[in-house]
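A look at the structure
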Amino acid sequence: MSVVIIGAGLGGLSLAQGLRRAGIPCQVHERDTAPDARLQGYRLHINGAGDTALREVLSPGLHELFRATAGRALPRTNVYDEQLRLATTLVDKGTHLNVNRFTLRQILLHGQEVRYGKRFTGYDLDEDGVTAHFADGTSARGTVLVGADGVHSPVRQQYLPHAEVVDAGLVHLYGRIPLTDRTRALFDPEMFAVFSMAIGPDRTMAGFAPVDYPEPVAEACARLVPDLRLRDHEPYMTCAVGARRVVLDRSDAELAAMSPADLRELALGLVEGWHPRVRAMVESWDAGATFPQPIRTSVPIGPWTPSRVTLVGDAIHAMSPAAGAGANTALRDGAALASALAGAPLLDAVAKYESAMVDYGFAAVRESAENGRRYMGQHPLPVTAAGDARG
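Overview of the structure. Source: prediction; values computed, not measured.

1. Regarding the overall build of the protein chain
- Looking only at helices and strands, the protein chain features 14 helices and 18 strands.
- Its C-alpha atoms give the protein chain a radius of gyration of 21 Å, within 12% of the compact-globule value 21 Å for 391 residues.
- Summarising its shape, the C-alpha atoms of the protein chain cover approximately 65 × 55 × 40 Å along the three principal directions.
- Scored against the burial criterion, the 391 residues of the protein chain give a buried share of 55%.
- A separation threshold of at least 6 residues defines the contact pool for the protein chain, and within that pool the share at least 24 residues apart is 74%.
- About 16,100 Å² of surface is accessible on the protein chain, with carbon and sulfur atoms providing 50% of the total.

Structure follows, in C-alpha cells:
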C-alpha cells in the first residue's frame, strides 16, 4: 500500500506521521511554496481528542515536545459584554492545551518529506490505484488518495461534488498581541483561559486566548528532539475581532486587498465605544500580523460508497471556530485513518474510517454552527424538508 496525501495541514500531516509509524509509504503534496508561505492562524486549543491523536501518530519524543511547548490554560471559557462585565463562565473538563499553530505544524512536519508548490488539478481512478495530477505537469500514483486540502478542497469537488461548503455569514480579523509587562496588564488573571470573548449588542465579538510557553522552547528541543529547531518562542495573546457580514459591510476581495494597518483600523471601528481595555488590546496587535478570515462551514451529508479516495479535516467537515473543534477533529481524522489503513484491507479500512468520521466530524460541524449562531449570529446550517442538515 502507498498513500498520496494532498495538503500539508494538520490533518494531512497527522495522517502522514501515523502512516510513517505504521510503516506505510506516503507522499505529501502541498500547493503552498513553503510551510510559512501564508498566515493560517495563531493559537490552537488542543483538547483530549486532539492530544490522544497526537500521542498515537507522533514518536514519544515529538509528542513530549508538543506537550512541553503547549501552555496549560485555565479550564474555562469566559463570556463578557462589551464593557468587560462577566456574563457567564463555562467550565471545561478534560485536557486543555493552548499551542502555537505553527509550532505544532513544525512538530508534525519533522521527518516528513513534503513536496511544495504542487497545485492539485484532478485525479484518475482505476482498479489498481489512483493517479493525482498537478498544475506543473507532474503526477503521483498510489494505492489510495487522501484529500487533506482544506475548505476549498479540489479533491472533494471532484469526488463528492454534492458536498457543499457555505458562507457562515461571519468574518474574523485575526491579530496577535505580544505579551509584555504592559500588555499582560490588559488581561485579568482569569482571562488566561481556554478562551475569552467579549460580545457587543450587534453580536460583534472580540475573542482572545494565550500562548504562553511552559519552558524555554530551545531547552525543550535540546532535551527531547535535538535535531529540531522551532522558530517561535515568544508568548502572545491571540486576539480576533469577528462580526456578521452585514455589520462589517466588506467583500472578501476588499478585505484581502487591505493592509494589516487598515485591518486593525477596521477592527477598532467595530469595537468603538467598548471598554478601553478591549480597544487597547486591538491597538496592541503586532504590526503586520493581521489578516482577515471569512468563516465557512460544511453542510453535513450522508454516507457515500467507500473507494480509493477519501478526505480528512476541513476538506470534508469544515466548521466555524465557535466550538474549538476544527483542529482536534482534523488530528483525529489523521490518526483514525492511519490506524484503519494499517489494520484492514483497503476498502474495508476506508469504510471503517469514513463510518466513524462522518458521525463525529459532522457532529462537530453542528455543534460549532449552533455555538456560532448563539453567540455571534452565524447563519443556521441549511436544512432539508425533514428538518436536518442537508444529506
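2. Thoughts on the side chain of E82
- Of note, E82 is situated in the loop between β5 (74–81) and β6 (86–91).
- This buried residue, E82, is left without a salt bridge; R85 holds the nearest opposite charge, at 4.8 Å.
- With sequence-adjacent residues up to four places away left out, E82 is seen in contact with I199, G200, P201, W274, H275 and V278.

3. Some remarks on the sheet that holds strand β8 (residues 114–116)
- Strand order in the open sheet formed by 5 strands is β8-β2-β1-β12-β18, with parallel pairing between adjacent strands. Pairing within the sheet leaves two strands with one partner each, and these edge strands are β8 and β18 (309–311). On average, adjacent strands in this sheet sit at an angle of 20° to one another, irrespective of strand direction.
- Bridge analysis of strand β2 (residues 26–30) against β8 gives 3 bridges, and the strand direction is parallel. Residue pairing in the sheet places H29 in a bridge with R115 of β8.
- With respect to the sheet, helix α1 (residues 10–22) is in contact with β1 (3–6), β2, β8 and β12 (144–147), its orientation differing from that of β1 by roughly 160°.

4. Here's the deal with α1
- With 13 residues, α1 should cover 18 Å at 1.5 Å per step; its first-to-last C-alpha distance of 18 Å lies within 8% of that length.
- Within two residues after α1, G23 carries a phi angle of roughly 80°, on the positive side.

5. A few points about the side chain of D149
- Locating D149 in the fold gives a position in the loop between β12 and α5 (154–159).
- Buried charge D149 goes without a salt bridge, the closest partner of opposite sign being R156 at 6.5 Å.
- At a separation of 3.2 Å, a polar atom in the side chain of D149 contacts the main-chain amide nitrogen of V155.
- Contact partners of D149, with chain neighbours within four places excluded, come to I6, G7, P154, V155 and A315.

About the criteria used
- Residues numbered from 1 in each chain as written.
- Predicted model: local features only at pLDDT ≥ 70, side-chain atom pairs only at ≥ 80, totals over all residues.
- Heavy atoms only, no water.
- Helix = DSSP H or I, 4+ residues; strand = E, 2+ residues; numbered from the N terminus.
- Rg over C-alpha atoms; globule rule 2.2 N^0.38 Å.
- Buried < 20%, exposed > 50% of the residue type's maximum accessible area, 1.4 Å probe, protein only.
- Contact = heavy atoms within 4.5 Å.
- Areas by Shrake-Rupley, 256 points an atom, 1.4 Å probe, with all protein chains shown as cover.
- Lys, Arg positive; Asp, Glu negative; His and termini not counted.
- Salt bridge = Lys/Arg side-chain N within 4 Å of Asp/Glu carboxyl O.
- Pairing = 2+ DSSP bridges.
- Axes fitted to C-alpha atoms, helices over the stretch in contact; angles between N-to-C directions.
- Expected span 1.5 Å × (residues − 1).
- Polar contact = N/O pair within 3.5 Å; in protein donor to acceptor, adjacent residues only side chain to side chain.

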